[in-house]
Amino acid sequence: SANQNVRTGRSGSVSSPPVEHDNAEKIDVNPPKGTRDFPPEDMRLRNWLFHNFREVSKQFGFEEVDFPVLESEALYIRKAGEEIRDQLYCFEDRGNRRVALRPELTPSLARLVIQKGKSVSLPLKWFAIGQCWRYERMTRGRRREHYQWNMDIIGVPDVMAEAELISSIITFFKRIGLTASDVGFKISSRKVLQEVLRCYSVPENMFGRVCIIIDKIGKIPMDDIRKDLQSADMSEVAIEELLQVLSLKSLAKLEEKLGASGEALSDLKQLFSLAEKYGYSEWLQFDASIVRGLAYYTGIVFEGFDREGKLRAICGGGRYDRLLSTFGGDDLPACGFGFGDAVIVELLKERGLLPQLNLQVENIVCSLDQELQGAASAVATILREKGQSVDLVLENKPLKWVFKRAARINARRLILVGNAEWQKGMVNVKTLSTGEQVEIKIDELE
Ligand SMILES: Nc1ccc(Br)nc1
């Protein structure tokens, strides 16, 4: 709360002059609404998560990229009625430019691919971990920022690319202890929707809009879904047929509906066949209701879900072969996914799989009296130059305080710099787990 007493956290007296503030009031020490601080224990978990994202990305031969958190608003102005557009964290900067805090990473990636043009050789396999933003009325109390891991393959038209991306996510899940009994992937293709809409002569330019409406199934009442579909030039018959197809959960039933000649079916059959080869069939299921909430998907779409059904989608992605041309570039086949940092942590908590991540410092070094503070610094430098981590006690503290701190930072060794030993070029080394204590020559420290 704003009037929370802010502990200065200083133990000694403070001699420096007070910082001049316009307002005498205490500032609110909480982060802005919908945002988070990462104190050490949270930062350790975040670093652990990102380390696993990076390790998998490298294992699949992907290169890391990043983009500005601030982008031109134009990157996200799509007319399909997406939630991501309604919640854009956008504003006019001091140069009167319309800008936005990025709500997702894919448009930035598309922009960079266009910028690089012919200077990059295909296929591109890029990954990024970046903070993404939305501005949502805090009535729902939801977060306004999260970190997303993205992996994208640019330049591969074949479903092999989607199969590879799904394999990378499964590799990640396995790395952190999740199995096919914990999570799965619902797989479909936007071409299913496309083929139904074509049967009922729904104009092509309604495709993105219909996808966004369909994505709201289960989130808003079905009557509103039907009304929205009518407003997208769909007849009653077309709507009923579409909803019927979207309820299909078997490729055989889909084939009965759409026939065997369409691309939707051939893509999906190929993907499930590749899943066999990769050895991850048990992780996948066909579910025609999956469309995902981004207008630019054009083919296979998929989302990771928790089999207990308690949580929102863990991750999601798909093929987006037409995105580059919406920015004036030449189209290139593309597919990718986004994987947020929130649901996965909720899932790991549920499954008791959160890792125990303690601070670990090898050495804590302290001098036994004020005159030896410099000697203690010299010992710290020697150890650090050998690549060891050292927490150097910076003030004259009683041993009781030093032992307490050593336990809190989980130090392996306590190095005591005392007068008598120092005169002999020695220090006292105590292994804290065993209590064993030995005198060691400084130049033999390791
Ligand atoms: N797109 C987006 C951005 C930020 C959060 Br939190 N959720 C979704």
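Everything here concerns the structure above.
Residues numbered from 1 in each chain as written. Predicted model: local features only at pLDDT ≥ 70, side-chain atom pairs only at ≥ 80, totals over all residues. Heavy atoms only, no water.

1. So, the pattern of salt bridges
Close approach of charged atoms allows side chains of opposite charge to pair. Basically, it comes down to this: Whenever a carboxyl oxygen of Asp or Glu lies within 4 Å of a side-chain nitrogen of Lys or Arg, that contact is scored as a salt bridge. Secondary structure is summarised from DSSP: a helix means a run of H or I of at least four residues, a strand means a run of E of at least two, and numbering begins at the N terminus for each. The rule is simple: take the accessible area with a 1.4 Å probe, protein chains only, and divide by the maximum for that residue type; under 20% is buried, over 50% is exposed, in between is partly exposed.
Across all of its chains, the model carries 33 salt bridges by this definition. The closest approach of N and O atoms between Arg226 and Glu240, which form a salt bridge, is 2.9 Å. Placement of Arg226 in helix α7 (residues 222-231) and of Glu240 in helix α8 (residues 236-246) is noted, with a sequence separation of 14 residues between them. Overall, the relative accessible area of 26% leaves Arg226 in the partly exposed class. For Glu240, a relative accessible area of 35% translates into the label partly exposed. One salt bridge in this structure joins Lys249 and Asp287, with 3.4 Å as the shortest N-O distance. Of this pair, Lys249 sits in the loop between α8 and α9 (251-258) while Asp287 is found in the loop between β8 (284-286) and β9 (300-306), placing the two residues 38 residues apart along the sequence.

2. Re unusual backbone geometry
Omega for the peptide link from Leu122 to Pro123 comes to 0°, which places this bond in the cis form. Within the secondary structure, Pro123 sits in the loop between α3 (106-116) and β5 (124-133). Even without a glycine there, the phi angle at Asn96 is positive, about 60°. One can find Asn96 in the loop between β3 (89-92) and β4 (98-101). Positioned with a positive phi, Ser201 is a non-glycine residue whose angle comes to about 50°. If you trace the backbone, Ser201 turns up in the loop between α5 (190-199) and α6 (207-214). Of the residues examined, Ser201 reaches a relative accessible area of 62% and is grouped as exposed.

3. Re the sheet that holds strand β6 (residues 145-154)
Note the cut-off: Here, strands pair whenever DSSP counts at least two bridges between them. Only heavy atoms matter for contacts: two residues are in contact if any of them lie within 4.5 Å across the pair. The convention used is that axes are lines fitted to C-alpha atoms, helices contributing only their stretch in contact, and that angles between N-to-C directions extend from 0 to 180 degrees.
Pairing within the open sheet is mixed, and its eight strands lie in the order β1-β5-β6-β11-β10-β9-β7-β8. Unpaired on one side and paired on the other, β1 (63-64) and β8 mark the two borders of the sheet. As judged from the seven bridges shared by strand β7 (residues 183-189) and β9, these two strands associate in the antiparallel manner. Note on β9: the bridge partner recorded for Val183 is Asp306. Each of β7, β8 and β9 touches helix α10 (residues 263-278); the most contacted strand, β7, lies at about 150° to it.

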